[in-house]
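Below, each chain spelled out in residue letters.
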Amino acid sequence: MSPHVLILGGTTEARELAASLAARSDVRVTTSLAGRVSRPGTLDGDVRIGGFGGAEGLAAWLRDHRVDAMVDATHPFAAGITANAARAAAVTGVPAVVLRRPGWKAAPGDRWHEAVSLSDAAALLPSLGRRVLLTTGRLGLAAFAHLRDHRFVIRSVEPPAPPLPPDVAVLLARGPFTVEGETLLLREHRIDVLVTKDSGGAATAAKLTAARERGLPVVVVRRPPVPEGLTTVPDVAGVLARLGLGPR
Ligand SMILES: NC(=O)c1ccc[n+]([C@@H]2O[C@H](COP(=O)([O-])OP(=O)(O)OC[C@H]3O[C@@H](n4cnc5c(N)ncnc54)[C@H](OP(=O)(O)O)[C@@H]3O)[C@@H](O)[C@H]2O)c1
């Protein structure tokens, strides 16, 4: 029987990897989604949805479904599932690789301020600006809820989860975004500071260019570290090489 690859998904890269593997006759592929997004879109190969029940549940799933290799292609900030993947790989012996798009790099003219957490980002805001474009996702926004003198424009794919700061406008949108569109957004809302996670990738990078062009400060929340013992590759080709699958 063909080897079975489990992709822990929820990203563009996971979707690309699923398409690449599903097109081959020498592997079977299953993508796992957390089930957070109401319309995840179509995925090539098999799909399963919902949590596994911690590292032990994931380990049991790997055994029960005879998984030969696991690819953690989750978002760089989805630290819980990555930690579970590391533990499940260790207890089952199933080889695992992490597919992580590279983080963003500051360019000349950028005014970036690094934060280690959302709380750290919130602490930086009073010295940087009053009108904030917040693009860190729908969760964890309680870190900003105490900032009563700031105007927040929160952009997320799904509605943001309370508690939120008092002065908020919500924009529901999914990338990719363009520099023109982001510039218009910054101008229309008279944004004077941007807050983002270091998600990396092209789909949401236009806001950084737009902020640079307007001379705006950007608070960049650093990624959590990948657990020790997991190999990280930057792209689909790196995964295929790691799995010993040549090009087709
Ligand atoms: N965090 C972000 O900024 C972000 C952005 C875009 C997309 N996403 C995607 O959204 C999903 C959830 O992100 P998160 O930050 O909430 O994750 P997380 O905090 O790392 O994970 C929390 C729990 O959600 C379940 N889970 C997460 N990803 C899963 C997957 N691919 N398949 C099955 N169960 C999964 C696991 O539950 P059990 O312990 O029960 O197994 C995990 O312990 C991820 O798949 C990620 O790729 C996250």
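The structure under discussion appears in the preceding block.
So, a few notes on the structure that sits alongside this text.

The rules behind each value
Residues numbered from 1 in each chain as written. Predicted model: local features only at pLDDT ≥ 70, side-chain atom pairs only at ≥ 80, totals over all residues. Heavy atoms only, no water. Near = heavy atom within 4 Å. Polar contact = N/O pair within 3.5 Å; in protein donor to acceptor, adjacent residues only side chain to side chain. Areas by Shrake-Rupley, 256 points an atom, 1.4 Å probe, with all protein chains shown as cover. Helix = DSSP H or I, 4+ residues; strand = E, 2+ residues; numbered from the N terminus. Nonpolar A, V, L, I, M, F, W, Y, C, P; charged D, E, K, R; others polar. Contact = heavy atoms within 4.5 Å. Buried < 20%, exposed > 50% of the residue type's maximum accessible area, 1.4 Å probe, protein only. Pairing = 2+ DSSP bridges. Right-handed = clockwise from strand over helix to strand, strands pointing away. Axes fitted to C-alpha atoms, helices over the stretch in contact; angles between N-to-C directions.

Near the ligand, the surroundings consist of 21 residues, among which Gly9, Ser32, Phe52, Gly80 and Ile81 are the closest. Within the backbone of Gly53, a nitrogen or oxygen atom sits 2.9 Å from an oxygen atom of the ligand. At a separation of 3.3 Å, an oxygen atom of the ligand approaches a polar side-chain atom of Asn84. For the ligand, whose accessible area on its own is 810 Å², the fraction buried by protein is 74%. Elements that contribute at least two residues to the shell around the ligand include exactly strand 2 (28–33) and helix 3 (79–92). With 4 residues, the single largest contributor to the shell around the ligand is helix 3. Residues that form the shell around the ligand fall into these classes: 7 nonpolar, 11 polar and 3 charged.

Within the secondary structure layout, Leu21 lies in helix 1 (residues 12–22). Residues Leu21 and Leu245 lie 224 residues apart in sequence; the distance between their C-alpha atoms is 9.3 Å. Residues within four places of Leu21 in sequence aside, it is in contact with Val5, Ile7, Val27, Val29, Leu240 and Leu245.

Turning our eyes to something else, we now look at the pairing of strand 10 (residues 193–197). Most of strand 10 sits inside the fold, with 5 of its 5 residues counted as buried. Where burial is concerned, the two faces of strand 10 agree: the one with Val193, Val195 and Lys197 and the one with Leu194 and Thr196 are both buried. In this structure, strand 10 lies alongside strand 11 (residues 217–221), joined through 4 bridges in parallel fashion. Bridging from a neighbouring strand, Lys197 pairs with Val221 of strand 11. Once you follow strand 10 into helix 6 (residues 206–213) and on to strand 11, the crossover reads as right-handed.

For helix 6, every residue scored as buried is listed here: Ala206, Lys207, Leu208, Ala210 and Ala211. Buried residues along helix 6 sit against strand 6 (111–115), strand 8 (151–156), helix 5 (179–188), strand 10 and strand 11. One or two positions beyond helix 6, positive phi appears at Gly215, with a value near 70 degrees.

With that settled, the discussion passes to the sheet that holds strand 10. Read across the sheet, 6 strands follow the order 6-11-10-7-8-9 without closing on themselves; strand pairing throughout is parallel. On the outer flanks of this sheet lie strand 6 and strand 9 (168–172), each paired with one strand and no other. On average, adjacent strands in this sheet sit at an angle of 20 degrees to one another, irrespective of strand direction. In this structure, strand 8 lies alongside strand 9, joined through 5 bridges in parallel fashion.

All right, on to the sheet that holds strand 12 (residues 231–233) then. Strand pairing within a sheet occurs via backbone hydrogen bonds; the two strands may be parallel or antiparallel. The 6 strands are arranged 3-2-1-4-5-12 in an open sheet whose pairing can be described as parallel. Lying at the two open borders of the sheet, with one neighbouring strand each, are strand 3 (46–49) and strand 12. Going across the sheet, the axis of each strand differs from the next one's by a mean of 25 degrees, ignoring polarity. Note that strand 5 (residues 96–99) and strand 12 share 3 bridges and pair parallel. Counted as the bridge partner of Leu99 is Val233 from strand 12. Relative to the sheet, helix 1 contacts strand 1 (4–8), strand 2, strand 4 (69–72) and strand 5, its axis offset from that of strand 1 by approximately 165 degrees. Against the sheet, helix 3 engages strand 1, strand 4 and strand 5, with an angle of about 160 degrees to strand 4.

Among the secondary structure elements, Thr196 is positioned in strand 10. For Thr196, a relative accessible area of 0% corresponds to the buried category. The spacing of Thr196 and Ala19 is 177 residues in sequence and 29 Å in space, taken between C-alpha atoms. Contacts of Thr196, omitting those with residues within four sequence positions, involve Trp104, Thr135, Thr136, Lys207, Leu208, Val218, Val219, Val220 and Val221.

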